[in-house]
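Tertiary structure, described
Residue-level listing of the chains:
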Amino acid sequence: MNVQKIKNGLVIDHIRAGTGLRIFNWLKLDKVPFSVALIMNVSSKHMGKKDIIKIDNEIDIDYSVLGFIDPNITVNVVEDEYVIRKISLSLPDRVENVIRCLNPRCITSSETGIPHVFRLVDRKRAEYACLYCDELYRAGIGEVL
Ligand SMILES: [Zn+2]
């Protein structure tokens, strides 16, 4: 399958197959005026199948949130049709207002206006703990607000 090359923008690659659409929606790419492509189930030597998002515009992405969603994703920055930079992601040490603590006894459940802050406690298992009640959560797109 051929998708037109992008001129200036981003190629978000190595997205786990099946999660591309949720990342596409998280980036609100359904509402943008420039060319975007979501390519699903692309054959990949290493991953079997993967999703790819191509964005023909230089947009700002919160890379710490993208790393929280999936640190194995890679981002290629394209200028004049050439990849000039590859951005590799990692799990951020801390995320704020990305996921919500679901513990009903947590202060964030009973009071409004408190930021939902989580700190990385286990990088291998991609586990985060609520700053207030220590409830554990796994990083990933499923949990994104
Ligand atoms: Zn909590």
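Residues numbered from 1 in each chain as written. Predicted model: local features only at pLDDT ≥ 70, side-chain atom pairs only at ≥ 80, totals over all residues. Heavy atoms only, no water.

Observations regarding the coordination of the zinc ion
In the first shell of the zinc ion, the protein supplies Cys101 (SG), Cys106 (SG), Cys130 (SG) and Cys133 (SG), at 2.2 to 2.3 Å from the metal. Coordination at the zinc ion is tetrahedral, judged from the four donor atoms that bind it and the angles of 101 to 113° they form at the metal. The sequence motif formed by the donor residues of the zinc ion is C-x4-C-x23-C-x2-C. With Cys106 in the loop between strand E6 (94–96) and helix H3 (107–110) and Cys133 in the loop between strand E8 (127–130) and strand E9 (136–138), the pair connects residues that are 27 residues apart, well separated along the chain. (Donors = N, O, S within 2.8 Å, 3.2 Å for Na, K, Ca; no water. Tetrahedral: all angles 85-135°; square planar, octahedral: opposite > 155°, others 65-115°. Helix = DSSP H or I, 4+ residues; strand = E, 2+ residues; numbered from the N terminus.)

Describing the domain arrangement of the protein chain
For the protein chain, the assigned domains read domain 1 (9–88) and domain 2 (94–138). One C-alpha centre belongs to domain 1, the other to domain 2, and the line joining them spans 26 Å. (Domains from an automatic or database assignment.)

A closer look at the packing of aromatic side chains
Taken as a whole, this structure holds two aromatic pairs when the rule is applied. An angle of 70° between the planes, with centres 4.9 Å apart, marks the rings of Phe68 and Tyr128 as edge-to-face. Taken together, the positions of Phe68 in helix H2 (residues 63–69) and Tyr128 in strand E8 put the pair 60 residues apart, joining distant regions of the chain. The burial state of Phe68 is the same as that of Tyr128; both residues are buried. (Phe/Tyr/Trp six-rings, centres within 6.5 Å; stacked < 30°, edge-to-face > 60°. Buried < 20%, exposed > 50% of the residue type's maximum accessible area, 1.4 Å probe, protein only.)

Considerations on the nonpolar core
Ile12, Ile23, Ile53, Leu66, Ile73, Phe118 and Tyr128 are the most contacted members of the largest nonpolar core, which totals 33 residues. If you list the elements that add at least two residues to this core, you get strand E1 (9–16), helix H1 (20–26), strand E3 (48–55), H2, strand E4 (74–79), strand E7 (117–122) and E8. With four residues, the top contributor of residues to this core is H2. Of the domains in this structure, domain 1 (9–88) and domain 2 (94–138) are the two that each give at least three residues to this core. When neighbours within four sequence positions are excluded, Leu66 is seen to be in contact with Ile12, Ile23, Trp26, Ile61, Ile73, Val75 and Leu89. (Core = buried A, V, L, I, M, F, W, Y, C linked by side-chain atoms within 4.5 Å. Contact = heavy atoms within 4.5 Å.)

Brief notes about the environment of Ser43
Relative to the assigned elements, Ser43 resides in strand E2 (residues 36–44). Leave out the neighbours within four places in its chain, and Ser43 touches Gly48, Lys49 and Lys50.

Regarding the pairing of strand E5 (residues 82–88)
Bridging between E4 and E5 involves six bridges; their strand directions are antiparallel. Bridging from a neighbouring strand, Thr74 pairs with Ser88 of E5. Linking two consecutive strands that pair antiparallel, namely E4 and E5, is a turn of two residues; a positive phi of about 50° is found at Asp80 within it. (Pairing = 2+ DSSP bridges.)

Re the sheet that holds E3
Ordered by their spatial adjacency, five strands build an open sheet running E2-E3-E1-E4-E5, and the pairing between neighbours is antiparallel. Edge positions in the sheet fall to E2 and E5, since each has one partner strand and no second. The sheet shows a mean angle of 20° between the axes of neighbouring strands, taken without regard to direction. When E1 meets E4, the two strands line up antiparallel, connected through five bridges. Its bridge partner being in E4, Asp13 is matched across the sheet by Thr74. (Axes fitted to C-alpha atoms, helices over the stretch in contact; angles between N-to-C directions.)

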